[in-house]
Amino acid sequence: MKKIKIPDTMTTVVLDSYSGADALRIEQRPVPRPGRNEVLVKVAFAPINPSDLATLTGYYGFKNPTPIVPGGEGSGEVVSAGPGVMARYFLGKNVACTGWGKGGGVWSEYVVKSVKGGVLPLNKSLSFEQGAMSIINPLTANAFMDISKKGGHKTILLTAAASSLGQKVNRLGRNEGIQIVNVVRRDAQVELLKAQGADIVLNSNDEGFEEQLHNTCHQTNTRLAFDAVAGPLTNQLLKAMPPDSKVTVFSALSRQAVQASPDLLIFENKMVDSFWLGPWMSKQNFVKIMLLWKRTQKQIPTHLKSDIRKIYPLQEAKEAIDDYTGQMTGGKILLRMS
């Protein structure tokens, strides 16, 4: 590979306190150097995800002392490698990188990542734009399919279903023969999903929603729900499904505690558990992870493709976040690093 000149300093987004986007600033920092089994990634793009918004307010699973660099995932090229066979293997390759663990978030022109889970090789056919969004939502969608099929579920319930993740789950479900009962909160989202081929879409703000949900879950024998909202909606899902059902909570868009009536848990043998991609991946064996990653990359141009609404330069991170929070279902917002 041709030798790439690495600058001494880089532009980075820094969060000074867990008080939202207003606590963000742009800072010049020295470019880090990779150590053993580490690589230096010249970051190309990074998306803004709901988990990033939660991070800005201290509502995510990682809450390291501030200041921190946010950004849960991104893409780029490995331009330098520390000692170690695996590090040298990645040198010159295009990669998707996770935003936590060694090196912190990826809203930065350069980031150091461990080769043990911090970077994944990207197919040459994938653009950096799609590669930047290839970990969190695509792998989560495939994980939901894996969990559903292992449990023998022919139908699953999904909340916040018009999100980028929800649309991916719907496309995968149609491809793999799993019916999705979609729950959204606006008529425009109902129309969006139905235009994409979804059969069942319910608006949680409609009069009679609980009765519609109950009837649908019993008619389709839906016993597994993936809930992105939490709060009172979790209990509505539990109540609507037949006995021996489960709600898996994977986000808390409502910013409220999960509600679950004891009578449903005790007398109808229903339960609530949780899903977080990182711990779920850590429980899978290496071969399964590599096969899952290979399958996911093949699906990105089709079932797992993300629509891009707008790309902002890194220096306009605050404006990008404002844009995203104002319209979270109209396509992804990306940050371009340089």
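Basis of the calculations
Counting starts from 1 at the beginning of each chain's written sequence and moves along it residue by residue. The model is predicted, so local features are restricted to residues of pLDDT at least 70 and side-chain atom pairs to those at 80 or more, both for listing and for counting; the totals for chains, interfaces and linings are taken over all residues. The basis for every side-chain value is the complete set of non-hydrogen atoms in the structure, without hydrogens or water. Should a side-chain nitrogen of Lys or Arg be within 4 Å of a carboxyl oxygen of Asp or Glu, the pair is scored as a salt bridge. For helices the rule is a DSSP run of H or I covering at least 4 residues; for strands it is a run of E covering at least 2, with both sets numbered from the N terminus onward. Two strands qualify as a pair provided that DSSP identifies no fewer than 2 bridges between them. Comment: axis = line fitted to C-alpha atoms, over the contacting stretch for helices; angle = value between 0 and 180 degrees taken between N-to-C directions. Contacts are assigned to residue pairs with any non-hydrogen atoms lying within 4.5 Å of each other. Pairing of N or O atoms within 3.5 Å defines a polar contact, subject to two protein rules: one partner must be a possible hydrogen donor and the other a possible acceptor, and residues neighboring in sequence count only if both atoms are side-chain atoms. The criterion is simple. A nonpolar core is a set of buried Ala, Val, Leu, Ile, Met, Phe, Trp, Tyr and Cys residues joined through side-chain atoms within 4.5 Å. Buried, partly exposed and exposed residues are distinguished by accessible area as a fraction of the type maximum, computed with a 1.4 Å probe on protein chains only: under 20%, between the cut-offs, and over 50%, respectively. To count toward a patch, a residue needs a relative accessible area over 30% and no salt bridge; like charges are then connected within 9 Å, while nonpolar side chains (Val, Leu, Ile, Met, Phe, Trp, Tyr) are connected within 5 Å. To measure how exposed things are, a 1.4 Å probe is used in the Shrake-Rupley method; for residues, cover is taken only from the protein chains shown. Think of it this way: Lys and Arg go in the positive column, Asp and Glu in the negative one, and His and the chain ends go nowhere. Every charge is mapped onto a representative atom, which is NZ of Lys, CZ of Arg, CG of Asp or CD of Glu.

**Observations regarding the pattern of salt bridges**
So, point 1. Summed over all chains, the structure comprises eight salt bridges.
So, point 2. Put simply, D323 and R309 hold a salt bridge, and the shortest N to O gap is 2.7 Å. Residue D323 is found in helix α12 (residues 317-326), and its partner R309 is found in strand β14 (residues 308-313); the two are separated by 14 residues along the sequence.
So, point 3. Connected through salt bridges with shared partners, the residues D16, R25, E27 and R29 form a single ionic network.

**Some words on the sheet that holds strand β8 (residues 155-159)**
So, point 1. Strand order in the open sheet formed by six strands is β10-β9-β8-β11-β12-β13, and the pairing between neighbours is parallel. Each of the sheet's edge strands pairs with one partner strand only, and the pair in question is β10 (200-203) and β13 (271-274). With strand direction ignored, the average angle separating the axes of adjacent strands in the sheet is 20°.
So, point 2. Taken strand by strand, helix α7 (residues 209-220) contacts β8, β9 (179-184) and β10, and its axis lies near 155° from that of β10.

**Description of the environment of E176**
So, point 1. Inspection of the secondary structure assignment puts E176 in helix α5 (residues 164-176).
So, point 2. The spacing of E176 and M145 is 31 residues in sequence and 8.3 Å in space, taken between C-alpha atoms.
So, point 3. Only 2.5 Å separates the side chain of E176 from the side chain of K149, close enough to count as a polar contact.

**Description of the side chain of T159**
So, point 1. Summarising the element assignment, T159 is placed in strand β8.
So, point 2. Among residues more than four places away in sequence, those in contact with T159 are V183, F226, D227, A228, V229, L233 and L237.

**Considering the nonpolar core**
So, point 1. By size, the foremost hydrophobic cluster in this structure holds 36 residues, and its most contacted members are I156 and V169.
So, point 2. If you list the elements that add at least two residues to this core, you get α4 (136-150), β8, α5, β9, α6 (187-195), β11 (224-227), α10 (277-282) and α11 (286-299).
So, point 3. When residues of this core are assigned to their parent elements, the largest contribution, six residues, is made by α4.
So, point 4. Among all residues touching I156, those that are not within four sequence positions of it are M145, S148, V169, I178, Q179, I180, V181, T222, L224 and F226.
So, point 5. In this structure, A23, L24, Y312 and M337 belong to the second largest nonpolar core, which totals 33 residues.

**A few points about a negative patch on the surface**
So, point 1. Taken together, the side chains of D22, E316, E319 and D322 make up a negatively charged region of the molecular surface.
So, point 2. One can find E319 in helix α12.
So, point 3. For E319, a relative accessible area of 43% corresponds to the partly exposed category.

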